Amino acid sequence: MSAIKGARERARDEVTAAIKEEARRQLAREGAAKLSLRAVARELGMVSSALYRYFPSRDDLLTALIIDAYDALGAAAEDALAAARGGSPDQRWTAVCRAVREWALAHPHEYALIYGTPVPGYTAPSDTTGPAARVGLALISVLRDAHEAGELRPTDASAAPAPVQEDARRLGVELGVDLPAPALAGLTATWAQLFGLVNFEVFGQFNHVVEARDEFFDQAAAGLARQVGLLPGE
């Protein structure tokens, strides 16, 4: 019986993977707003009722794709951070930033699903929160290590308004992160700026404006590192 159960689970996993792969092709062709379970089933030679046993609704399929995208992006950031072990804090920070950009450029349609225009009528469930936090946690780990080593320098974020610092303290408690509130407030701002830079490149806002994309991004990432108190060579 266990062998039969194992075979059924493998078969289900294979069909699930095929459904998601076809859905990603639809994302590339039509965009997330036009994702259709019936169209996916048709392309796979399945009847719609069979596909519904795997994903009861379009939103369930969208959620699975979103979680996959966040996890893939997070894994890329974490792998880059691990590969940069032993480097200075600003080097480790830049490695994570580069990984985010590289993944986004290699997977623009999946990136658009998580950082592009919201899908009309779709509300992401709490299941997406953990995967979505992985890049931020990778950046936080760089700051935490620098702080523990006495290498995190004061920044302009120390002058942030009290409500902003209170938000940062709340975030630190929720994440279980022992960092000064100004550092977390600065990190939140630079996290948003990082994805703003990537969005501009992925969605074509730099066309005919920035040609030296690699050099421009590295300079910007280094600037973000300085904003959170990570100085070159520290």
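Residues numbered from 1 in each chain as written. Predicted model: local features only at pLDDT ≥ 70, side-chain atom pairs only at ≥ 80, totals over all residues. Heavy atoms only, no water.

Remarks on the pattern of salt bridges
In step 1: Following the criterion strictly, the structure yields 17 salt bridges and no others.
In step 2: Residue D59 is joined to R58 by a salt bridge in which the shortest nitrogen-to-oxygen separation is 2.9 Å.
In step 3: As a salt-bridge pair, D145 and R92 come within 3.2 Å of each other at their nearest N and O atoms. Here R92 lies in helix α5 (residues 89-106) and D145 lies in helix α8 (residues 134-148), a separation of 53 residues in the sequence.
In step 4: A relative accessible area of 14% means that R92 is categorised as buried.
In step 5: Because the salt bridges share partners, they merge into one network encompassing K20, E21, R24, D68 and E110. (Salt bridge = Lys/Arg side-chain N within 4 Å of Asp/Glu carboxyl O. Helix = DSSP H or I, 4+ residues; strand = E, 2+ residues; numbered from the N terminus. Buried < 20%, exposed > 50% of the residue type's maximum accessible area, 1.4 Å probe, protein only.)

A short note on the nonpolar core
Soluble, globular proteins show a tendency: their nonpolar side chains are buried together.
In step 1: Core analysis: the biggest nonpolar cluster contains 62 residues, and W93, L194 and L230 have the highest contact counts within it.
In step 2: Residue assignment for this core shows that the elements contributing at least two residues are α1 (2-30), α2 (37-44), α4 (58-83), α5, α6 (108-115), α8, α10 (181-202) and α11 (213-227).
In step 3: Setting aside anything within four residues of it in sequence, one finds W93 in contact with L139, V142, L143, L187, T190, A221, L224, A225, V228 and L230. (Core = buried A, V, L, I, M, F, W, Y, C linked by side-chain atoms within 4.5 Å. Contact = heavy atoms within 4.5 Å.)

So, unusual backbone geometry
In step 1: The backbone of H208 sits at a positive phi, close to 65 degrees, despite the residue not being glycine.
In step 2: Structurally, the position occupied by H208 is in the loop between α10 and α11.
In step 3: A residue is classified by how much of its surface remains accessible, and H208, at 79% relative accessible area, is exposed.

Details of α8
In step 1: The terminal C-alpha atoms of α8, which comprises 15 residues, lie 21 Å apart, in line with the 21 Å expected from a rise of 1.5 Å per residue.
In step 2: Of all the residues in α8, the buried ones are V135, G136, A138, L139, I140, S141, V142, L143 and A146.
In step 3: Of the surrounding secondary structure, the elements contacted by the buried residues of α8 are α4, α5, α7 (129-132), α9 (162-175) and α10.
In step 4: With its phi angle positive at about 75 degrees, G150 sits one or two positions after the end of α8. (Expected span 1.5 Å × (residues − 1).)

Considering the packing of aromatic side chains
Working definition: an aromatic ring pair is given by the centre-to-centre distance plus the angle between the planes.
In step 1: By the definition in use, this model includes seven aromatic pairs.
In step 2: Seen from their ring centres, W191 and F195 are 5.9 Å apart, and the 70 degrees between their planes marks the pair as edge-to-face. Of this pair, W191 and F195 both sit in helix α10, separated by four residues, roughly a single helical turn.
In step 3: Aromatic ring contacts, followed pair by pair, group Y70, Y111, Y115, W191, F195 and F203 into a single cluster. (Phe/Tyr/Trp six-rings, centres within 6.5 Å; stacked < 30°, edge-to-face > 60°.)

Quick notes on the side chain of R101
In step 1: Tracing the sequence through the fold places R101 in helix α5.
In step 2: Judged by its relative accessible area of 9%, R101 falls in the buried class.
In step 3: Each residue touching R101, except ones within four places of it in the same chain, is listed here: V198, E201, R213, D214 and F217.

Overview of the layout of surface pockets
In this approach a probe as big as a water molecule rolls over the atoms, and the regions it shows empty are the leftover space.
In step 1: Roughly 610 Å³ of volume is contained in the largest pocket.
In step 2: Lining the largest pocket are 23 residues, and of these Y70, Y115, A132, A133 and W191 lie nearest its centre.
In step 3: Looking at the lining of the largest pocket, the elements with two or more residues in it are α4, α6, α7, α8, α9 and α10.
In step 4: Of the residues assigned to the lining of the largest pocket, the class counts are 17 nonpolar, six polar and no charged.
In step 5: Here the second largest pocket is characterised by a volume of approximately 170 Å³.
In step 6: Looking at the lining of the second largest pocket element by element, the count peaks at three residues for α6.
In step 7: The residue inventory of the lining of the second largest pocket, partitioned by class, reads nine nonpolar, four polar and no charged. (1 Å grid on protein atoms, 1.4 Å probe; cavity = no way out; pocket = protein on both sides within 12 Å on 5 of 7 lines; lining within 4 Å. Points joined across faces, edges and corners; volume = space filled by probe spheres on them. Nonpolar A, V, L, I, M, F, W, Y, C, P; charged D, E, K, R; others polar.)

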